[in-house]
Amino acid sequence: MYENAFNKIDRALRNDEGMSSELDYAEQTSWVLFLKYLDDLESERADRAALEGKDYSPTLEEGYRWADWAAPKDADGSFDHDAAMMGDDLIAFVDDELFPYLSDFKSADPSTLAYKIGEVFTEIRSKFRSGYSLRDVLDEVDALSFGTQAQRHELSSLYEDRIKRMGNAGRNGGEYYTPRPLIRAMIEVLQPRIGETVYDGAAGSAGFLCEAYEAMEKQARTAADRERLQNETFYGQEKKSLAYIIGVMNMILHGVEAPNIRHTNTLTENVLDYGPADQHDVILANPPFGGGERKEVQHNFPIRSGETAYLFTQHFVRKLKGGGRAGVVIKNTVLSNTDNASVALRRELLEECNLHTILDLPGGTFQGAGVKTVVLFFERGEATRRIWYYQLDPGRKLGKTSPLTDDDLADFVRLQKDKADSEKSWSVEVSDLDQDTLDLSVRNPNAPEAAPPAQPRGDHRRYAGPRRRDGGDPEGHQGDAVKAGWAEVPLGELCSTFTDGDWIETKDQAPEGIRLLQTGNVGSGYFKDRREKARFIDYETFDRLSCTEVVPGDILVSRLPDPVGRGCIVPETGERMITAVDCAIIRTKPGDAEPAFLTYYMQSVSYLRAVDELCTGTTRRRISRKNLAKVPVPLPPIEEQRRIVAVLDEAFEGLARARANVEANVADAEGLFLSALRGVFRNEARTWTAGRTPERVSMREETDTKNGATRTGGRGATLRPITGDYSLSVLAPEIEARPGWRWSKLTDLARLESGHTPSRKRPDWWGGNIPWVGIKDARGAHGSVLTTTNENTNEEGIANSSARILPPGTVCLSRTASVGYVTRLGVAAATSQDFVNWVCGEDLLPEFLQLLLLAQGEAIRRFASGSVHQTIYYPEVKAFWVCHPSVEVQAAICEAMNEVREASERGEACYAAQRNDLTGLQSSLLSRAFAGELT
């Protein structure tokens, strides 16, 4: 019924120059559909109120309702061409009037639909450039109706298809689309029931919540059941603006009128603060992995890691009620990685939860994701005794034309009920695991014997055995440099394959397919996954260029810095791989050299020195494959190699634990200052003053008599209150100040100043003696006093721009580009427009204001807006209020915090020295190992 309309909408979007991808199409369709849905909902509510003899007040004012601007009708109910806006008039109305009006609804009660309107239109902007394209879209959408269940079902199906196309549009497919058959199978295992709450802390397009709603709606028997499903069952959080908007719209189309999805970064919550009111019965999620979070975010978790998937897993464990059930998609390396965070996470899952089921998913489950994944099913409150594994094998290669189906998962769902064994399923007792590593790797003991792998391409020359450096028999007398019984062999002679990677140009790359490993993936002795930067070629390009395939167990050696010659063993990733031309591929001859022995040697000083001697180039050092093959390797018999590897494995594991302890101590030392700072400024009193409504506050700013603009330009102070956690708020907060402190409007305590950049087209305005502060300067002087800058301007540059010379002591906050850097001027200087600046008066010490702003950390971003580049706009800045004590107490706080800072820096220096000691010990171990002195 509506498919033709959606096709016409697609054509109109493709014809508009403001759209460039499936993501744009989904985003722009979403806001138009949202407003049409709102109009239908308002009409339905008005009709219902009329039948009940009640008055109904529409949410939107006249002029902003759908029928007023999108689809005006005449007296006969036909489209009114005379009243309808077209072309530039339509674009101007949408950009300059409609969106600002709708975004103001964010000040409403967060539990209402009005708040959702404000939140959606704060985070999105119209990308239409042609009012005629927009008119075409509006006309098609106006013909759609949300009135019946059948209509909503068709609209939701068409919208889901669009989300699926988004998932297929790039390598980050899983970010927007989790295959619905997989979601339905997870729901079948967890069996959510009416009366329980369902949560997804990485909601994305809300696929899990939509499918859970559809499953639970079938259980509804009464109006109370349906009311509970609408308002008290489904909860989600999403960090990214586009995914948040699409998730809200997706839930609306599935039948949830005002979805309980918050636009927030879930990982900024401290998991130790959760109580019963924050917890849920059922969690379904596919969190992002491979990303990174800043250190202050990692402090919110007991197990600190830069890997977002590890942080999300801790979040989900603590978000579950006792007896709560979870199904979480996660990359399979979490089952086997041996770093401290991975082992600690597995231990927590096994000890705090019953990890009863692990579903191993085949490659290709997530279009374009390129990484193997598993689903962890666990219940909180009881330790794990036995884990049931199921290895999903659909019997075909999954891809765009052959996606995962419900039938593929039917056997898993059937067997999971009793956790029965089969060729694809088995159970493992936790007591049988290695208790040090708790390795949970998927190893199917029931799988039929597989055929041996095909012999890889490469150099298969006959090898006569290791040669002595002096040309003698390997069993004979050795020279002084090599231990008796050892040989010194050129690296190239130890390999069955020794070749360079392939020359892959940008035009050869594809969104998905065979993964291209690069020098950035090669660490010194370890593989760097760097999933977020993965590149690919398609299978046709692989055949056309006759690429060399990299297989697990191969050694990759980087022929570029830093350092040149570093090597690592390629792990099992569940995907096909090649490598770039700047990496050498080494496949050792069985029985002659252990790959692990070689990669340990590649970390030694003697190896790196030998490589350096064979390098060429002055500005960018590199080694050719021919020279790399000449590097001598001290080689003992194979059994001795294995013994040395075992000794080094144990020693390096101990060093890794010690290094992790040192890094944790460094993090603790770094966190000491921030923790103390937040203790000073945290809003501990939460006594709300009934009936108090913030009003627009007066601005003590000079104005331009010509146009009435404020000194800093733009609009006056906002009317949208935003309460912070650390003594900072937009508008006067309804929170009582602690004893001896008071809330004051910041511009009553300090003069607000903006910055500007003199024209770059005038080089004569640059290079003078006036320091000019940019983001790079603030980043380097974050939390301290800035005395030097990367660039200087001059008096002519100041005179011909809006920049001002600010006095020493001015506090500067980066408000755009990189929000949240805080510095204090130690010299007179000007700043770019990326900063908002305060010149403090007698009631506010600059150092105190700097500490107050530093205490915000990531929380400063709650005052920012914008979906792509976040910015703290001047209407919010002008409405800042701060909580502060007297100047005498401010001075005492500053002095105390300086002492804490010094203690923190001493701790960091101490632990940095310990880190250097461990590095020296590692180097010593390697030197002894390859001199034959390791016992």
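Note that this is a predicted model, so its numbers are computed, not measured. (Residues numbered from 1 in each chain as written. Predicted model: local features only at pLDDT ≥ 70, side-chain atom pairs only at ≥ 80, totals over all residues. Heavy atoms only, no water.)

(A) Region of the structure containing the pairing of strand β8 (residues 386-391). Bridge count between strand β6 (residues 353-360) and β8: 4 bridges; the pairing is parallel. Note that in β8 the partner of I358 across the bridge is Y389. (Pairing = 2+ DSSP bridges. Helix = DSSP H or I, 4+ residues; strand = E, 2+ residues; numbered from the N terminus.)

(B) Spotlight on the pattern of salt bridges. Under the definition given, this model contains 45 salt bridges. Notably, a salt bridge pairs E44 with R48, separated by 2.8 Å at the nearest N-O pair. Taken together, the residues E44 and R48, both in helix α2 (residues 22-51) and 4 residues apart, mark about one turn of the helix. A relative accessible area of 35% places E44 in the partly exposed class. Here R386 and E429 are joined by a salt bridge, their closest N and O atoms 2.6 Å apart. Separated by 43 residues along the polypeptide, R386 in strand β8 and E429 in strand β9 (residues 425-429) bring together distant segments of the chain. (Salt bridge = Lys/Arg side-chain N within 4 Å of Asp/Glu carboxyl O. Buried < 20%, exposed > 50% of the residue type's maximum accessible area, 1.4 Å probe, protein only.)

(C) Here's a closer look at helix α10 (residues 207-217). Within α10, 8 of the 11 residues are buried, which leaves it mostly tucked inside the rest of the structure. Among the residues of α10, G207, F208, L209, C210, E211, A212, Y213 and M216 are the ones counted as buried.

(D) Main features of the nonpolar core. Membership of the largest hydrophobic core comes to 93 residues, with the highest contact counts inside it found for W31, L35, W69, F121, L182 and L359. Looking at this core element by element, the count peaks at 10 residues for α2. Those residues within four positions of L359 in sequence are excluded, and the remaining contacts are L182, T373, V374, V375, F377, Y390, L392, L409 and F412. Core analysis: the second largest hydrophobic core is formed by 46 residues, L677, C840, F863 and V877 among them. (Core = buried A, V, L, I, M, F, W, Y, C linked by side-chain atoms within 4.5 Å. Contact = heavy atoms within 4.5 Å.)

(E) Summary view of the packing of helix α1 (residues 3-14) against helix α6 (residues 131-142). It is at 9 Å that the axes of α1 and α6 come closest, and there the two elements cross at 170°. Classed by the angle they form, the pair α1 and α6 counts as roughly antiparallel. Residue-level contacts link A5, K8, I9, A12 and L13 of α1 to S133, D136, V137, E140 and V141 of α6. (Axes fitted to C-alpha atoms, helices over the stretch in contact; angles between N-to-C directions. Parallel < 35°, antiparallel > 145°, perpendicular 65-115°, else oblique.)

(F) Representation of the packing of aromatic side chains in the model. Counting across every chain of the model gives 27 aromatic pairs. Here the aromatic rings of W31 and F99 are separated by 5.0 Å at their centres, their planes lie at 85°, and the arrangement is edge-to-face. Separated by 68 residues along the polypeptide, W31 in helix α2 and F99 in helix α4 (residues 87-103) bring together distant segments of the chain. Exposure remark for W31: the relative accessible area of 0% places this residue in the buried category. Taking 6.1 Å as the distance between ring centres and 55° as the angle between the ring planes, the aromatic pair formed by W741 and F848 counts as tilted. (Phe/Tyr/Trp six-rings, centres within 6.5 Å; stacked < 30°, edge-to-face > 60°.)

(G) Representation of the environment of Y600. Considering the arrangement of structural elements, one finds Y600 in helix α18 (residues 595-601). Exposure remark for Y600: the relative accessible area of 10% places this residue in the buried category. Filtering out sequence-adjacent residues up to four positions away, Y600 remains in contact with V645, L648, D649, F652, L926 and F930.

(H) Layout of the side chain of T313. Along the chain, the position of T313 falls in helix α14 (residues 308-319). In this structure the side chain of T313 is engaged in a polar contact, spanning 2.8 Å, whose partner is the backbone oxygen of A309. When near neighbours in sequence (up to four residues on either side) are disregarded, T313 contacts I330, L345 and L349. (Polar contact = N/O pair within 3.5 Å; in protein donor to acceptor, adjacent residues only side chain to side chain.)

(I) Layout of the confidence of the model for the protein chain. Predicted confidence across the protein chain gives a mean pLDDT of 83, with 87% of residues reaching 70 or more. Overall, residues 450-480 carries pLDDT values under 50, and its contacts beyond four positions in sequence, including any with other chains, amount to 46 contacts. Counted against residues more than four places away or in other chains, residues 685-715, with its pLDDT under 50, gives 58 contacts. (pLDDT = per-residue confidence, 0-100.)

(J) Just unusual backbone geometry, in detail. With omega at 10°, the peptide bond leading from P561 into D562 counts as cis. Note that D562 resides in the loop between β15 (555-558) and β16 (567-569). Following D562, the chain continues to P563 via a peptide bond in cis, the omega torsion being 0°. Backbone geometry at K419 places phi at a positive 55°, although glycine is not the residue there. Mapped onto the elements, K419 comes out in the loop between α16 (406-416) and β9. A relative accessible area of 32% places K419 in the partly exposed class. With a phi angle near 50°, L438 is a residue other than glycine that sits in the positive phi range.

(K) Structural view of α14. Relative to the 16 Å expected for 12 residues at 1.5 Å per residue, α14 spans 16 Å between its end C-alpha atoms, a close match to the ideal helical length. Among the 12 residues in α14, 12 count as buried, and that is most of the element. Regarding α14, the residues found buried are T308, A309, Y310, L311, F312, T313, Q314, H315, F316, V317, R318 and K319. Structurally, the start of α14 carries an N-cap: the backbone nitrogen of A309 is 3.0 Å from a side-chain oxygen of E307. (Expected span 1.5 Å × (residues − 1).)

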